[in-house]
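Spelled out, the chains give:
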Amino acid sequence: QVQLVESGGGSVQAGGSLRLSCVATGYPYSRYCMAWYRQAAGEGRQGVAHISVDGIITYTDSVKGRFTISRDNVKSTLYLQMDNLKPEDTANYYCAAKLTYCNGRMDYWGKGIPVNVSS
């Protein structure tokens, strides 16, 4: 079983930065694909960034060059460094995990944390 707890959200002015963290419990954490998703008001939940067991990273086009996903398998923690934030980044952000490979639906979800970017 995997449990995911996000932190680090909040409100920031456009152009600012936030760093999200997700502490994961479960075995074996190092064998999970980890990801960040987000859901804006009135929209569906969309993938932001994925990082595989082997460290292969994929970003959605809208955040390339601005967001950085990373994982610390010793601390069982996933990070999302968000720089140059834009109002369209406003959403609830969710940490997600999937056994082994990143393809397909995610298996576990955090409760989500809000990120609000004002213009």
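Read on for an overview of the structure. Treat the numbers as computed from the prediction; the structure is a model and nothing was measured.

As a further point, take the state of the cysteines. Cysteine pairs can be covalently joined through their sulfur atoms, and such a bond is termed a disulfide. By the definition in use, this model includes two disulfides. Shown here is the disulfide that connects Cys-22 with Cys-95, its sulfur atoms set 2.1 Å apart. Disulfide Cys-22-Cys-95: torsion about the S-S bond near -75 degrees, hence left-handed. Taken together, the residues Cys-22 in strand E3 (residues 18–25) and Cys-95 in strand E9 (residues 91–99) connect sequence positions 73 residues apart. Assigned by exposure class, Cys-22 and Cys-95 land together as buried. Between the sulfur of Cys-33 and that of Cys-102 lies a disulfide, 2.1 Å long from S to S. Across the S-S bond of Cys-33 and Cys-102 the torsion is about 105 degrees, and the bridge reads as right-handed. Within this pair, whereas Cys-33 is found in strand E4 (residues 32–39), its partner Cys-102 is found in the loop between E9 and strand E10 (108–109), the two being separated by 69 residues in sequence.

About the criteria used
Residues numbered from 1 in each chain as written. Predicted model: local features only at pLDDT ≥ 70, side-chain atom pairs only at ≥ 80, totals over all residues. Heavy atoms only, no water. Disulfide = S-S within 2.5 Å. Helix = DSSP H or I, 4+ residues; strand = E, 2+ residues; numbered from the N terminus. Buried < 20%, exposed > 50% of the residue type's maximum accessible area, 1.4 Å probe, protein only.

Everything listed is a geometric property; what it means functionally is a separate question.
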